Every structure is written in C-alpha cells, then in structure tokens.
Amino acid sequence: MVWQPPAEPAHVRTAAVDETALHRKMLRRILPFLFVCYVVSYLDRVNVGFAALTMNKDIGLSATAFGVGAGLFFFGYFIAEIPSNLIMMRVGARLWIARIMITWGLVSAATAFVTGPVQFGIARFLLGLGEAGFVPGVFLYLSLWFPSAVRARATALFLLGIPVANIVGSPLSGALIQLEGFGLKGWQWLLILEALPAVILGIACLFVLTDRPEKAAWLSDDERTFLVAKLAAERAAIEKKHKLTLAQALRNWRVLTLAAVNFCAIVGSLGIGLWLPQIIKQLGLATSLVGVVTAVPYLCGAAAMVVWGRMSDRGSDRTIYPAISLFVGSAALIASAVTPTPLLTIAALCVAVMGINSFVATFWAVPSGFLTGRAAAGGIAMIVSIGNLGGFAGPYMIGFVRDRSGGFTAPLVAVGLCLFVGAVLMVAFGRRVRRYDVPAAVPA
C-alpha cells in the first residue's frame, strides 16, 4: 500500500519543521556509517593491487593473468547487480546490505589462500557476486531518504569513500604487506586483516540502518510526516515527466547512454586503481614508500571531489560537470605516460585522479532525476552493472598491453583515450537532453 500524505493536517503539522536542520540531522545519522562501509568496500576491492606486489610471484601470475583475474570481480558484479537491487526493494536495505557486507568480507579473506591463477580468478568472481548490489543499493537507499535538494550532497559524501579508501588504505596496505608470521606471507595478512571490518560492519547494519523514513524512531512525528510528504511529492513530479516501468527503464536511451559513459569512466578508475601501486613502484621507489606515494593522488582527488560537487550543485546543467571531469582525466593520463621525470608523472597522475573522482561526485545526480521506484532500482543497477564491466576491461587492457609493450606508457594512453570517449558520450547526452527532451536531472 502506498502512503498518501493527508491533505489538510500535513502543512499544519509540518509548518514548524526546520527543513535545513532536518537535513543535517539525517546526514549525521545516515552518512557516516554508509561512508565507513564504502571505505571498507572499496579497500577490499582494490587492495589486491598492493597484494600483487609480492603475490603475483608467489602464485605464478603474469601481468595479463593478474589483469584478467582482478577484472573477473566485475563479471560477478554484473550478473548479480540488478537482481540484488530488486531483492533489496523487497526485503529492505538493513537486512540486504548486511548480507552483502558479510558475504564479501568472508570471500575477500578467503582470497588469501589461493594458490594459482585459476583459484585467484574464481575468488575474484565470487567476490563480485558477494559485493554486487552494495553501491546501487546505497544509491537507491539515499533516494528513499533524501529530497533532491540534498541528495547530491549526500551522494557525494558517500562517494568520498573512494579517495579516502585509497588515502587510508595505501599506507595501511603498504605496512601490512610487510607482515610475516604463523605460516602466512604479507599479502595474505593484508587480505585477511582488511576483510574483517566488512564482516563486523555487516553485523552492525542490522542495528544501525532504518529501511525507510516511515520506520525511523529517531525522527519526531512532525519530521517524519514532513519528510514522507516531501519525498512522495517529488516522486509524483518525476513520474509525471518520466513514467517508466522497470522494463522501459532497462532499455531507455538515457539509461543505456549513461551506462556506456560509466563503463568508460570505470575503465580509468579501476584500471588505474588496481595498477597504480605497480606504476609508482616502476618509477624506482622502495616497496615501503609505494603506499605513502600512492595516497597522494587520492588526497588531491578527495579535495577536487568536494569542490566540483559543490559547483555542480550551483549549476543548472548537471551533464556538463561529469563531461569536463572525464576530459581532464583523459588529458592527464596521456600526459603521465609521456612525462620525462618521475615527479611530473606523479603530478599528472594526481590530476588524472582528480578528474576521475570529480566525475564520480557529479555523475550520479543525473539518473536520480528521471528514475523512481522499481525503475530506479533496475535502472541505477543497470548503469552500475554495465559500467562496472569497465572494471574488467581496464585492468585487463593495462595488463595485456603492458605484457606486449614492456612498460606503462602504452597502457596509460589507451586508458586515457577510453576516458575521452566517455567524455564525448556525456557531451552528446547533454546536448540531446537540452535540445529534444526535458532536463535530465532535477537541480539539487
């Protein structure tokens, strides 16, 4: 049964509600926990890049085999993404996100015991199955809680987990890989110890998250009534302009185009994320310093993410900001491949990560403006799942090209060109929306 706000009492009872204070209360109550979960999620996804510094030799992985195995994560992710989001709509975020986190934590820890390329690939595929649905599930969850005026801000705060995971995780992973003892090597301790927080946080989900505003005991009656009415009104306004069923959303040109853009962006994001420790090590740094230096581009990326997200909130056209971000990332990656000194290479990589992270901070404001209900569950999952196939293509492409070229120059150029294609697609998307259609996003 769909809740309908009362006609007369609604404005009388909610007149005293301070909307700004309510938004701050929601941000404080919901975002810190989800942010920490995402930090752990992203860390468990990319820490294999640090493990590879010694793991590849121990279990016999070539650069191509590592790229293929690491990328198989995203095939598992692709298969389970849409079903996972639809299940979450049925059983609720509290139970389903808990299941996701516990599953991926256990599989990530088990990866420490693989003994060859086949087992490594299977473990990464299972990790993708286990983690599938977490990110689109959180995007869907935020749309059920936050009105459009603060949804972009809430999404950006959540997505700050990407650079923070690398800022915190890079030095941590660099330290953990030095551990030895109890019959385990450093890369094994790294995978096990960084997986445990996922299981703990998964259990905590059952006690921290609330499925919907209607069930939130931590909101006052007036706050709850106001928020539910506000969200219902926004959903009705969007559905009046873009009434899409689940089946229509999955074949809608907007969804498919944004999925292609996301694919190109993730080729760059995960391609660089998984290989960055090895790229930096090849510059001549000691293993103990790789973690510290790897954190620097992500510090720059975190700052750019916040600034660019705020600029996007003030703009009327949501599509131009992710397009510019991809153009910057593309140019910087290509520049990093041809710079003559290690210092300039690191500087160019910093700008590349700034561009890629700024894309993430602004891109997800676009689909939330025309998708609601089951169409949102399926459409957002479609964009994420197709996009995440880039997480296979990026690591594989870098490994394949590196094996044949003997260095990282050609792989970085290839990834940069893929980001350029994504930028062009985003520009074309924005032009079509402005010329032939209603706006692609409700300004936040």
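Rules used throughout
- Residues numbered from 1 in each chain as written.
- Predicted model: local features only at pLDDT ≥ 70, side-chain atom pairs only at ≥ 80, totals over all residues.
- Heavy atoms only, no water.
- Axes fitted to C-alpha atoms, helices over the stretch in contact; angles between N-to-C directions.
- Helix = DSSP H or I, 4+ residues; strand = E, 2+ residues; numbered from the N terminus.
- Parallel < 35°, antiparallel > 145°, perpendicular 65-115°, else oblique.
- Left-handed = near helix turned anticlockwise from the far one by under 90°.
- Contact = heavy atoms within 4.5 Å.
- Polar contact = N/O pair within 3.5 Å; in protein donor to acceptor, adjacent residues only side chain to side chain.
- Phe/Tyr/Trp six-rings, centres within 6.5 Å; stacked < 30°, edge-to-face > 60°.
- Buried < 20%, exposed > 50% of the residue type's maximum accessible area, 1.4 Å probe, protein only.
- Lys NZ or Arg CZ within 6 Å of the ring centre and 35° of its normal.
- Expected span 1.5 Å × (residues − 1).
- Bend = angle between axes of the 7 residues up to and from the residue.
- Core = buried A, V, L, I, M, F, W, Y, C linked by side-chain atoms within 4.5 Å.
- Salt bridge = Lys/Arg side-chain N within 4 Å of Asp/Glu carboxyl O.
- Patch = residues over 30% accessible without salt bridge, like charges linked within 9 Å, V, L, I, M, F, W, Y side chains within 5 Å.
- Areas by Shrake-Rupley, 256 points an atom, 1.4 Å probe, with all protein chains shown as cover.
- Lys, Arg positive; Asp, Glu negative; His and termini not counted.
- Charge placed at Lys NZ, Arg CZ, Asp CG, Glu CD.
- Nonpolar A, V, L, I, M, F, W, Y, C, P; charged D, E, K, R; others polar.

A.B. asks: Run through the packing of helix H16 (residues 320-338) against helix H17 (residues 342-363), naming residues and quoting values.
C.D. replies: Contact geometry of H16 with H17 gives a least axis separation of 7 Å together with a crossing angle of 160°. Looking at the two axes, H16 sits roughly antiparallel to H17. Crossing geometry of H16 relative to H17 is assigned as left-handed. In this structure, H16 uses Tyr321, Pro322, Ser325, Leu326, Val328, Gly329, Ala332, Leu333, Ala335 and Ser336 to contact H17, whose residues at the interface are Thr345, Ala348, Leu349, Val351, Ala352, Gly355, Ser358, Phe359, Thr362 and Phe363.

A.B. asks: Describe the environment of Glu81, listing the residues and the values that go with them.
C.D. replies: Mapping Glu81 onto the fold places it in helix H5 (residues 73-91). On a C-alpha basis, the gap between Glu81 and Gly133 in space is 4.9 Å, while along the polypeptide they are 52 residues apart. Residues contacting Glu81, with those up to four places away along its chain left out, are Ala132, Gly133, Pro136, Ala381, Val384, Ser385 and Asn388. From its side chain, Glu81 meets the backbone nitrogen of Gly133 in a polar contact 2.6 Å long.

A.B. asks: If you had to explain unusual backbone geometry to someone new, which residues and values would you point to?
C.D. replies: Backbone geometry at Phe182 places phi at a positive 55°, although glycine is not the residue there. Mapping Phe182 onto the fold places it in the loop between helix H10 (161-176) and helix H11 (186-208).

A.B. asks: Describe the packing of aromatic side chains, listing the residues and the values that go with them.
C.D. replies: Taken as a whole and assessed by the stated rule, the structure comprises 16 aromatic pairs. Residues Tyr141 and Trp145 carry aromatic rings whose centres are separated by 6.3 Å and whose planes lie at 50° to one another, so their mutual orientation is tilted. Note that Tyr141 and Trp145 are positioned in helix H8 (residues 134-145) at a spacing of 4 residues, about one turn of the helix. For the ring pair Phe363 and Trp364, a centre distance of 5.0 Å and an interplane angle of 80° mean the geometry is edge-to-face. Each member of the pair, Phe363 as well as Trp364, is classed as buried. Members of the aromatic cluster, each reached through a chain of ring pairs, are Tyr38, Trp104, Phe134, Phe139, Phe158, Phe359, Phe363 and Trp364. Taking the ring centre of Trp96 as reference, the NZ or CZ of Arg99 above it sits at 4.4 Å. The ring of Trp253 is capped by Arg432, whose NZ or CZ atom sits 4.0 Å from the centre of that ring.

A.B. asks: Lay out H5 in plain terms, naming residues and giving numbers.
C.D. replies: Each full turn of the α-helix corresponds to 3.6 residues, which orients residues three or four apart in the same direction. Taking 1.5 Å per residue, 19 residues should reach 27 Å; H5 reaches 25 Å between its end C-alpha atoms and fits that length. Taking the largest bend as the criterion, H5 deviates by roughly 45°, centred on Ala80, and proline Pro83 comes between one and four positions later. Taken residue by residue, H5 has Phe73, Phe74, Gly76, Tyr77, Ala80, Glu81, Ile82, Ser84, Asn85 and Met88 as its buried positions.

A.B. asks: Outline the environment of Ala233, supporting the account with residue identities and numerical values.
C.D. replies: Its location among the elements puts Ala233 in helix H12 (residues 221-241). For the pair Ala233 and Pro147, spaced 86 residues apart in sequence, the C-alpha separation works out to 9.7 Å.

A.B. asks: Any details on the side chain of Asn357? Residues and values, ideally.
C.D. replies: Note that Asn357 resides in helix H17. By relative accessible area, Asn357 is classed as buried at 3%.

A.B. asks: Quick rundown of the nonpolar core? Include the residues and the values.
C.D. replies: One finds Met55, Phe66, Ile97, Phe134, Trp145, Phe146 and Phe158 to be the most contacted residues of the largest nonpolar core, which totals 133 residues. Look past the residues within four positions of Met55 in its chain and what remains in contact with it is Val48, Leu61, Phe66, Phe120 and Trp187.

A.B. asks: An account of the pattern of salt bridges is needed here, citing residue identities and associated values.
C.D. replies: Summed over all chains, the structure comprises 5 salt bridges. The partner of Lys215 in a salt bridge is Asp211, with the nearest N and O atoms 3.9 Å apart. Owing to a relative accessible area of 58%, Lys215 belongs among the exposed residues under this scheme.

A.B. asks: Explain a positive patch on the surface residue by residue, including any values.
C.D. replies: Positive charge collects at one region of the surface, where Arg24, Arg28, Arg153, Arg310 and Arg314 lie side by side. For the positive patch, the secondary-structure elements that each account for two or more residues are helix H2 (19-46) and helix H15 (287-314).

A.B. asks: Help me get a handle on the side chain of Thr362, residues and values and all.
C.D. replies: Structurally, Thr362 is set in helix H17. By relative accessible area, Thr362 is classed as buried at 0%. Contact partners of Thr362, with chain neighbours within four places excluded, come to Trp308, Gly309, Ser312, Tyr321, Pro322 and Ser325.

A.B. asks: Can you break down the packing of helix H9 (residues 148-159) against H10 residue by residue, with the values?
C.D. replies: Closest axis-to-axis distance for the H9/H10 pair is 5 Å, and the angle between their directions is 20°. On the basis of the axis angle, H9 is roughly parallel to H10. Contacts from Leu157, Phe158 and Leu159 of H9 reach H10 at Gly161, Ile162 and Pro163. Each residue belonging to the contact of H9 with H10 can be placed in one class, and the counts come to 5 nonpolar, 1 polar and no charged.

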